[in-house]
Amino acid sequence: METRTFEHWGMNLQNPLIIAGPCSVETPEQLDKTVSGLVDQGVKIIRGGVWKPRTRPGNFEGVGAIALPWIKEVKGKYGVKFAIEVANPNHVEQALDAGIDLLWIGARTTVNPFAVQEIADSLKGVDVPIFVKNPVNPDLALWIGAMERLDQAGLKRIGAIHRGFSNFNDTKYRNSPMWQLPIELKTKFPNLPLLNDPSHIGGKRDLLFDIAQMAYDLNFDGLIVESHIDPDKAWSDAAQQLTPEAFGVMLKRLKTRNTGLENPIFKHQLEQLREQIDEVDRELLEVMTRRMNLVEQVGEYKKSNNLTVFQIERWKKVFKTRAEWAQAMNLNPEFAREIFKLIHTESISKQTEIMEGTKLEK
Ligand code: PEP
Ligand code: MN
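Residues numbered from 1 in each chain as written. Chains lettered and ligands numbered in written order. Predicted model: local features only at pLDDT ≥ 70, side-chain atom pairs only at ≥ 80, totals over all residues. Heavy atoms only, no water.

Asker: Whenever I open this one, helix α1 (residues 28-40) confuses me. Can you help?
Answerer: For the α-helix, the turn length of 3.6 residues means that residues three or four positions removed from each other point alike. Between its first and last C-alpha, α1 extends 18 Å over 13 residues, near the 18 Å set by a 1.5 Å rise per residue. Along α1, the positions that sit buried rather than exposed are Gln30, Leu31, Asp32, Thr34, Val35, Gly37 and Leu38. In this fold, the buried residues of α1 make contact with β1 (17-21), β2 (45-47), α2 (67-78), β3 (81-85) and α10 (244-253). Just downstream of α1 lies Gly42, where phi reads positive at about 90°. (Helix = DSSP H or I, 4+ residues; strand = E, 2+ residues; numbered from the N terminus. Expected span 1.5 Å × (residues − 1). Buried < 20%, exposed > 50% of the residue type's maximum accessible area, 1.4 Å probe, protein only. Contact = heavy atoms within 4.5 Å.)

Now the structure itself:
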């Protein structure tokens, strides 16, 4: 894949590149006021969802194409560029007709190679900047694959957006950042512009600063952030949007790092590997939390059905299969057995607690 840094996008873009705007374009007034507020904070590229991919039908699905003339209006009035999400060739056509400056492919679209290919085909011969958000699942190849489809369609200005990955239990984040994935992407494609989307990672406005600072520390090329003139009244993603003023405060607080010694790309390799290990360990603990939550549910079930906590046949099977799985994954089976002994002890103790309402003496 041919990658080009922002300097070669021919758009005189800010460094780091800042894109901000509402999750969804809602009304002409909401758009005008938000853009006006953001322009006062120095923002030159506005984002806004026109068609919104929603998990369940009946949720607000974006106002649709009627937003396009409103966008044209604010572009003219404030001299800003505008970025929107496209999910199919019909969106692409309407966006290009309306003079939209930048496009992005959303996380729910990136997961589907058929959809991405259709978008890529519809963009053949069109020279428009396009960002690809990471897929909802932590699959780097799928993310890269989507960008390769655009590259093969002849697009020259391709960027990536890191918006985090779905997690299965409630963590601090709406979408786990799993920083090692964007780091790996940047290691493979050092010239590929990479933005961070702290809004969809955090899900709550008070988390955005730390996520964005982490992205700056990791030498990301910029941010895409959701901002709304009246966040609490937003029609989508209310909890994670910032007022333009609050966004301005956040931008001023963020420390950009000098490329050089502080830049992790140049950091000692050992340090980089350790950062990745820290992240993997955090994930291990997240997975362990999920397991223990299930163990508790089993405990409740055993309690209400008056079953014994310790069921030897089940555990024999667990020890056997886990050792076999470990072997198949090139892990030492003895190591797996030891780990599962500890997990077993903890599980029994949790379930006994549930059964008796007391802690088991260790
Ligand atoms: C969005 O940017 O508003 C959006 C829907 O994001 P994502 O595709 O990352 O979920
Ligand atoms: Mn959103």
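Asker: Can you help me understand the site of ligand 1 in this one?
Answerer: Taken together, Cys23, Arg47, Lys52, Glu85, Trp104, Gly106, Ala107, Arg108, Lys133, Arg163, His200 and Glu226 make up all the residues around ligand 1. Interatomic distance of 2.6 Å between a side-chain N/O atom of Arg163 and an oxygen atom of ligand 1. In this structure, Glu226 approaches ligand 1 through a side-chain N or O atom, which is 3.3 Å from an oxygen atom. Protein coverage of the free-state accessible area of ligand 1, which is 290 Å², stands at 97%. Looking at the shell around ligand 1 residue by residue, the classes come out as three nonpolar, two polar and seven charged. (Near = heavy atom within 4 Å. Polar contact = N/O pair within 3.5 Å; in protein donor to acceptor, adjacent residues only side chain to side chain. Areas by Shrake-Rupley, 256 points an atom, 1.4 Å probe, with all protein chains shown as cover. Nonpolar A, V, L, I, M, F, W, Y, C, P; charged D, E, K, R; others polar.)

Asker: Just to check I follow, could you spell out the packing of helix α12 (residues 312-328) against helix α13 (residues 333-356) for this structure?
Answerer: Two packed helices can be described by the angle between their axes and the distance between those axes. At a minimum axis distance of 8 Å, the contact between α12 and α13 shows a crossing angle of 145°. Handedness of the crossing formed by α12 with α13: right-handed. Two secondary-structure elements touch here, α12 through Trp315, Val318, Phe319, Arg322, Ala323, Ala326 and Gln327 and α13 through Pro333, Ala336, Arg337, Phe340, Lys341, His344 and Ser347. In the contact of α12 with α13, the residues fall into eight nonpolar, three polar and three charged. (Axes fitted to C-alpha atoms, helices over the stretch in contact; angles between N-to-C directions. Left-handed = near helix turned anticlockwise from the far one by under 90°.)

Asker: Is there a simple way to think about the coordination of the manganese ion (ligand 2) in this case?
Answerer: Reference values for coordination geometry: four tetrahedral donors around a metal ideally subtend 109.5 degrees, six octahedral donors ideally subtend 90 or 180 degrees. Listed as protein donors to the manganese ion (ligand 2) are Cys23 (SG), His200 (NE2), Glu226 (OE) and Asp237 (OD); their distances from the metal cover 2.1 to 2.4 Å. Mapped onto the polypeptide sequence, the residues donating to the manganese ion (ligand 2) form the spacing pattern C-x176-H-x25-E-x10-D. Residue Glu226 is located in strand β10 (residues 222-226), and its partner Asp237 is located in the loop between β10 and α10; the two are separated by eleven residues in the primary sequence. For the pair shown, Glu226 and Asp237 are each scored as buried. (Donors = N, O, S within 2.8 Å, 3.2 Å for Na, K, Ca; no water.)

Asker: Which parts of the structure should I look at to understand the side chain of Gln241?
Answerer: For Gln241, the location among the structural elements is in the loop between β10 and α10. The buried category is assigned to Gln241, whose relative accessible area is 0%. A polar contact of 3.1 Å, which involves the side chain of Gln241, links it to the backbone nitrogen of Cys23. Residues contacting Gln241, with those up to four places away along its chain left out, are Gly21, Pro22, Cys23, Arg205, Glu226, Ser227, His228, Pro231, Ala234 and Ser236.

Asker: Mind showing me how you'd approach the pairing of strand β4 (residues 102-105) here?
Answerer: Within a regular beta strand, the side chains point alternately toward one face of the sheet and then the other, so they alternate between its two faces. Judged by which residues are buried, β4 turns out to be covered on both faces: Leu102 and Trp104 on one side and Leu103 and Ile105 on the other are all buried. Two elements, β3 and β4, share three bridges in a ladder whose sense is parallel. Of the residues in β4, the one forming a bridge with Glu85 is Trp104. Running through helix α3 (residues 89-97), the crossover from β3 to the neighbouring parallel element β4 is right-handed. When β4 meets strand β5 (residues 130-133), the two strands line up parallel, connected through three bridges. (Pairing = 2+ DSSP bridges. Right-handed = clockwise from strand over helix to strand, strands pointing away.)

Asker: Where do I start with the sheet that holds β4 in this structure?
Answerer: Working definition: the strands of a sheet are paired by backbone hydrogen bonds and lie parallel or antiparallel to each other. Ordered by their spatial adjacency, eight strands build a closed barrel running β1-β2-β3-β4-β5-β6-β9-β10, and the pairing between neighbours is parallel. Adjacent strand axes in the sheet meet at a mean angle of 25° when their direction is disregarded. Pairing analysis gives two bridges linking strand β9 (residues 194-196) to β10, with the strands arranged parallel. Each residue of the ladder has a partner; that of Asn196, found in β10, is Leu223.

Asker: Would you mind showing me how to read the packing of helix α9 (residues 208-217) against α10 here?
Answerer: Running from N to C, α9 and α10 point in directions that differ by 40°, and their axes come no closer than 10 Å. Once α9 is placed against α10, the crossing between them reads as right-handed. Residues Leu208, Phe209, Ala212, Gln213 and Tyr216 of α9 lie in contact with α10, whose contacting residues are Met250, Leu251 and Arg253. Of the residues belonging to the contact of α9 with α10, the class tally is six nonpolar, one polar and one charged.

Asker: I tried to follow unusual backbone geometry on my own but got confused; where do I start?
Answerer: Pro16 follows Asn15 through a cis peptide bond whose omega is -5°. Structurally, Pro16 is set in the segment before β1. For Asn12, which is not a glycine, the phi torsion comes out positive at approximately 55°. Looking at the secondary structure, you find Asn12 in the segment before β1. The phi torsion at Asp237 lies on the positive side, around 50°, for a residue other than glycine. Asp237 gets classed as buried once you look at its relative accessible area, which sits at 17%.

Geometry only, nothing functional implied.
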